[in-house]
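# Structural overview for review
Here are the chains, one letter per residue:
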Amino acid sequence: MTAQSPQQSPLWPARLHHIQIGTPQPAAMAAFYQRTFGYQATLLADGRRHLRGGERRLLIAEGAARSVGFGAYALASPRQLAALRGHLEERGIAPQPSPTPLFTAAAFAVRDPEGGQIVFGLPTEDGRAADALPGRLQHLVVTTVDLPRSAAFYEDVLGFVVSDRVVNDEGVMTTCFFRSDPEHHSFAAFLAAEARLDHHALEVPCWNDIRDWADHCAALDVPITWGPGRHGPGNNLFFMVSDPDGNMVEISSELEHMPREMAPRQWPHTARSLNLWGSAIMRI
Ligand SMILES: [Fe+2]
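First things first, this report covers the structure right here in the doc. (Residues numbered from 1 in each chain as written. Predicted model: local features only at pLDDT ≥ 70, side-chain atom pairs only at ≥ 80, totals over all residues. Heavy atoms only, no water.)

### Re the coordination of the iron ion
The protein atoms donating to the iron ion are His139 (NE2), His199 (NE2) and Glu250 (OE), with metal-donor distances spanning 2.0 to 2.1 Å. For the iron ion, all donor residues lie on one chain, and their spacing in sequence is H-x59-H-x50-E. Of this pair, histidine 199 sits in strand E13 (residues 196–203) while glutamate 250 sits in strand E16 (residues 248–253), and the two are 51 residues apart along the sequence. Of the two residues, histidine 199 and glutamate 250, neither departs from the other in class, the shared state being buried. (Donors = N, O, S within 2.8 Å, 3.2 Å for Na, K, Ca; no water. Helix = DSSP H or I, 4+ residues; strand = E, 2+ residues; numbered from the N terminus. Buried < 20%, exposed > 50% of the residue type's maximum accessible area, 1.4 Å probe, protein only.)

### Describing unusual backbone geometry
Cis geometry is adopted by the peptide bond preceding proline 13, which originates at tryptophan 12 and carries an omega value of 5°. For proline 13, the position within the fold is in the segment before strand E1 (14–23). Non-glycine residue aspartate 221 carries a positive phi angle of around 60°. Positioned with a positive phi, glutamate 254 is a non-glycine residue whose angle comes to about 65°. One can find glutamate 254 in the loop between E16 and strand E17 (265–268). We classify glutamate 254 as partly exposed; its relative accessible area is 42%.

### Points about the packing of aromatic side chains
A full pass over the atoms with the stated rule returns 17 aromatic pairs. Between the aromatic rings of phenylalanine 37 and tryptophan 213, the centroid separation amounts to 5.6 Å while the plane-to-plane angle is 40°, which identifies the pairing as tilted. Of the two residues, phenylalanine 37 is situated in helix H1 (residues 26–37) and tryptophan 213 in helix H4 (residues 207–219); the sequence distance between them amounts to 176 residues. The class of tryptophan 213 is buried, set by a relative accessible area of 1%. Between tyrosine 73 and phenylalanine 160, the ring centres sit 5.4 Å apart and the planes meet at 80°, which makes this aromatic pair edge-to-face. Of this pair, tyrosine 73 sits in strand E5 (residues 67–75) while phenylalanine 160 sits in the loop between helix H3 (147–157) and strand E10 (161–167), placing them 87 residues apart in sequence. Three or more aromatic residues joined by ring pairs form one cluster here, namely Tyr73, Phe108, Phe120, Phe153, Tyr154, Phe160, Phe178 and Phe187. Of note, arginine 56 hangs over the ring of tyrosine 39, and the distance from its end group to the ring centre comes to 5.8 Å. One cation-aromatic arrangement involves arginine 283 over phenylalanine 190; the distance from NZ or CZ to the ring centre is 3.9 Å. (Phe/Tyr/Trp six-rings, centres within 6.5 Å; stacked < 30°, edge-to-face > 60°. Lys NZ or Arg CZ within 6 Å of the ring centre and 35° of its normal.)

### Remarks on H4
Taking 1.5 Å per residue as the helical rise, H4 with its 13 residues ought to reach 18 Å, and the 19 Å between its terminal C-alpha atoms agrees with that figure. Within the span of H4, buried status applies to Asp209, Ile210, Trp213 and Cys217. Down the axis of H4, the buried side of the element spans an arc of 105°, and every buried residue falls inside it. Projecting away from the buried face of H4 at angles above 90 degrees are the exposed residues Ala218 and Ala219. Contacts made by the buried residues of H4 are with H1, E13, strand E15 (237–242) and E16. (Expected span 1.5 Å × (residues − 1). Arc of directions from axis to C-beta. Contact = heavy atoms within 4.5 Å.)

Written as structure tokens, this is what we have:
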């Protein structure tokens, strides 16, 4: 199967709308996210917790620690959603029922080669309210034990557009960044010893908002896990904190924009690629 050009991608444009995080301690996780990120929590009838902010949404579900329930991507229109469904069916992918209450009934899910679930749909509520501290849910990053297989699925089957690849001295791809609109990545995958959630990111308007979030986390005694720094791929400013299960949450700003037709680039597998300013958390 050959990669389609970005101009042909049925996934363009799509934005990460919400994610579901699996955890063995949903109450503690929900409390952490409410306190740290200003979410309002609702307990759903099936036991999941819906955490709602102005421009960010999470679902917290009982599950294995550091597991991705799913990433849910909002498409631009019913017509685009139907076209994506047809595109996947043509490639032998049978859409599965949607697991999210935050999309309309037309939503559907697919499984990636390692069993990770990704959902495409249209939000049931469109309005975006202001958050006390701004931060739009923007990207999801997972780890994978077979990056070439995962990357081929996300690019060739789902229609994500590759922005950057990180490759080590042996020619092994260790990270792949994918976009589904001009923002550098809405999804990325790191090669690692196990498949799990790595982090999700909130994009903020400017560097001053990163300062305000860091001060906010300091006041709550939530320490910075990594950063501040600037990523090579994506060129975004960032810092990260960790939730009670060890999943990282990134506060990011100035994420690079790439035109739809721009070709993928390649970076060396070094700490400097992951953080131009200094040390990095290497996944492998
Ligand atoms: Fe990130």
